[in-house]
Amino acid sequence: MSRLSNKTIVLTGAGSGIGRGMAEGFIREGAKVLGVDLSEAGLAETAAGVVGSGQFEVLVGDVTEPKLPDAIQSRLSDLDWNWNVLCNNAGIGGGGMAGDCDDATLNRYLDVNVTALFRLSRAAVNAWKGKGGGVILNTASIYSFIGATGSAAYSTTKAAVAGLTRQMATDYGVEGIRVVALAPGLIETPLTAARIRSEPWRRQIFIDQSPLRRVGTPADIANGAIFLVSDEASFITGETLRIDGGWSLGRYPRPDEA
Ligand code: NAD
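What you are looking at is a predicted structure, and each value in this text was computed from that prediction instead of being measured.

Criteria and thresholds
- Residues numbered from 1 in each chain as written.
- Predicted model: local features only at pLDDT ≥ 70, side-chain atom pairs only at ≥ 80, totals over all residues.
- Heavy atoms only, no water.
- Helix = DSSP H or I, 4+ residues; strand = E, 2+ residues; numbered from the N terminus.
- Rg over C-alpha atoms; globule rule 2.2 N^0.38 Å.
- Buried < 20%, exposed > 50% of the residue type's maximum accessible area, 1.4 Å probe, protein only.
- Contact = heavy atoms within 4.5 Å.
- Areas by Shrake-Rupley, 256 points an atom, 1.4 Å probe, with all protein chains shown as cover.
- Lys, Arg positive; Asp, Glu negative; His and termini not counted.
- Charge placed at Lys NZ, Arg CZ, Asp CG, Glu CD.
- Pairing = 2+ DSSP bridges.
- Axes fitted to C-alpha atoms, helices over the stretch in contact; angles between N-to-C directions.
- Polar contact = N/O pair within 3.5 Å; in protein donor to acceptor, adjacent residues only side chain to side chain.
- Phe/Tyr/Trp six-rings, centres within 6.5 Å; stacked < 30°, edge-to-face > 60°.
- Lys NZ or Arg CZ within 6 Å of the ring centre and 35° of its normal.
- Near = heavy atom within 4 Å.
- Right-handed = clockwise from strand over helix to strand, strands pointing away.

Residues and numbers for the overall build of the protein, please.
The helix and strand tally for the protein stands at 8 helices and 7 strands. Since a compact globule built from 258 residues should have a radius of gyration of about 18 Å, the 18 Å found for the protein is in line with a globular shape. Principal-axis analysis of the C-alpha atoms places the extent of the protein at approximately 60 × 45 × 40 Å. Burial status across the protein gives 48% buried among its 258 residues. Partitioning the intrachain contacts of the protein with sequence separation of at least 6 by distance along the chain shows that 73% fall at a separation of at least 24. Carbon and sulfur atoms provide 53% of the accessible area of the protein, an area that totals close to 12200 Å². Distance between charge centroids for the protein: 3 Å, based on 24 positive and 27 negative side chains.

For the sheet that holds strand β1 (residues 8–12), give the residues involved together with the corresponding values.
Spatially, 7 strands are ordered β3-β2-β1-β4-β5-β6-β7 in an open sheet, and the strand pairing comes out parallel. Only two strands of the sheet have a single partner each, and these edge strands are β3 (55–60) and β7 (240–243). The sheet shows a mean angle of 20° between the axes of neighbouring strands, direction not considered. Relative to β3, strand β2 (residues 32–37) runs parallel, the two sharing 6 bridges.

Lay out the side chain of Lys-7 in plain terms, naming residues and giving numbers.
As for its position among the elements, Lys-7 is in the segment before β1. Accessibility expressed as a relative area gives 9% for Lys-7, which makes it buried. A distance of 2.7 Å separates polar atoms of two side chains, one belonging to Lys-7 and the other to Asp-231. Apart from the residues lying within four places of it in its own chain, the contact partners of Lys-7 are Ala-31, Lys-32, Asn-84, Val-85, Val-229, Ser-230 and Asp-231.

Could you give me a rundown of the packing of aromatic side chains, with the residues and numbers involved?
A full pass over the atoms with the stated rule returns 3 aromatic pairs. An angle of 65° between the planes, with centres 5.4 Å apart, marks the rings of Trp-83 and Trp-128 as edge-to-face. Separated by 45 residues along the polypeptide, Trp-83 in the loop between α3 (68–79) and β4 (85–88) and Trp-128 in the loop between α4 (103–127) and β5 (134–139) bring together distant segments of the chain. The exposure classification of Trp-83 matches that of Trp-128, with both residues buried. The interplanar angle of 75° and the centroid separation of 5.6 Å between the aromatic rings of Tyr-143 and Tyr-154 together place this pair among those described as edge-to-face. Of this pair, Tyr-143 sits in the loop between β5 and α5 (152–172) while Tyr-154 sits in helix α5, and the two are 11 residues apart along the sequence. Looking at Tyr-154, the relative accessible area reads 12%, which means it is buried. Lying across the ring of Phe-145, Arg-242 places its NZ or CZ 4.2 Å from the centre.

Got a sec to walk through the site of the ligand? Specific residues and values, please.
Close to the ligand lie 26 residues, the nearest being Ser-16, Ile-18, Asp-37, Tyr-154 and Thr-189. At 2.8 Å from an oxygen atom of the ligand is found a main-chain nitrogen or oxygen belonging to Ile-18. At 3.3 Å from a nitrogen atom of the ligand is found a main-chain nitrogen or oxygen belonging to Leu-38. Contact with the protein chains hides 92% of the accessible area of the ligand, taken as 830 Å² for the molecule alone. If you list the elements that add at least two residues to the shell around the ligand, you get α1 (17–28), α5 and α6 (190–198). With 3 residues, the top contributor of residues to the shell around the ligand is α6.

Give me the pairing of β4: which residues, what numbers.
Burial along β4 is two-sided: the residues Val-85 and Cys-87 and Leu-86 and Asn-88 are all buried. Alignment of β4 against β5, held across 4 bridges, turns out to be parallel. Its bridge partner being in β5, Val-85 is matched across the sheet by Val-135. Chirality of the crossover, the property in question, places the unit of β4, α4 and β5 among those that are right-handed.

Describe the side chain of Asn-89, and please don't skip the residues or the numbers.
Tracing the chain through its elements places Asn-89 in the loop between β4 and α4. Leaving out residues up to four positions away in the same chain, Asn-89 has contacts with Leu-11, Thr-12, Gly-13, Ile-18, Gly-19, Met-22 and Thr-139.

Please provide a residue-by-residue account of the environment of Arg-3, values included.
Position of Arg-3 among the secondary structure elements: in the segment before β1. Spatially, the C-alpha atoms of Arg-3 and Ser-151 are 36 Å apart, while their sequence positions differ by 148 residues. With sequence-adjacent residues up to four places away left out, Arg-3 is seen in contact with Glu-29, Ile-226, Phe-227, Ser-230 and Glu-232. Of note is the side chain of Arg-3, whose polar atom sits 2.8 Å from the side chain of Glu-232.

Dropping the structure here:
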């Protein structure tokens, strides 16, 4: 039996990178997925690539739009789908050091990466009240835990995502709602491609410093996502799972490599 055949998933940021990898994995495992993204073309490309026993529908929308939760609910009603998983994956990355980050930039990061995720999570727990529970999976980052370089606003938002994950897990476990997160390391996607191209040393440093000596792929993150939203993870909540090839563990080479 497919691992997610009992899951109906709302997935934001489904039009690219990690979200596309998640959509592919979820559909392969038999889930119904409503992919939400700003990019209609990106969603169409994702739809063209999904293969499996699941079903993929799309909704073009901006996660920062306060009415988006209503639009999602109304689309789900039209489809006659009862959702039981929310994957808050849409996000923006990059930025600079705190001293160079103005209020407008900071607020943009907070709007997309925190406020939108909070608002959709609120809609989910309220929609699921008395319906037997559900799962919220947030895409955090390794920057939720460690500093790397020049990403002050981004790190602020991703630490908030890990904090909200713990807090909502604490508050809603009693209703059968699990709240978990993923913390990807460097994953090659359109989000990171430009930076990797302009600063190739970043990729190499990541490889040199990772115990597993490689950068990640969207499929690496999707595999973690499939597990965390599935019933196999039914005793896991509040956790932000690092999927980073061990990069955040340490920085030293083995003695025989030094
Ligand atoms: P990506 O840029 O390839 O994809 C992000 C998707 O989100 C795009 O399709 C984009 O259109 C959509 N999106 C952005 N803003 C939106 C909005 N306001 N409303 C609706 N959709 C919106 O990026 P990715 O690398 O796949 O990143 C996905 C998530 O993973 C993000 O939350 C990011 O912070 C996180 N992450 C990525 C990495 C990495 O190395 N790529 C590492 C850690 C965490």
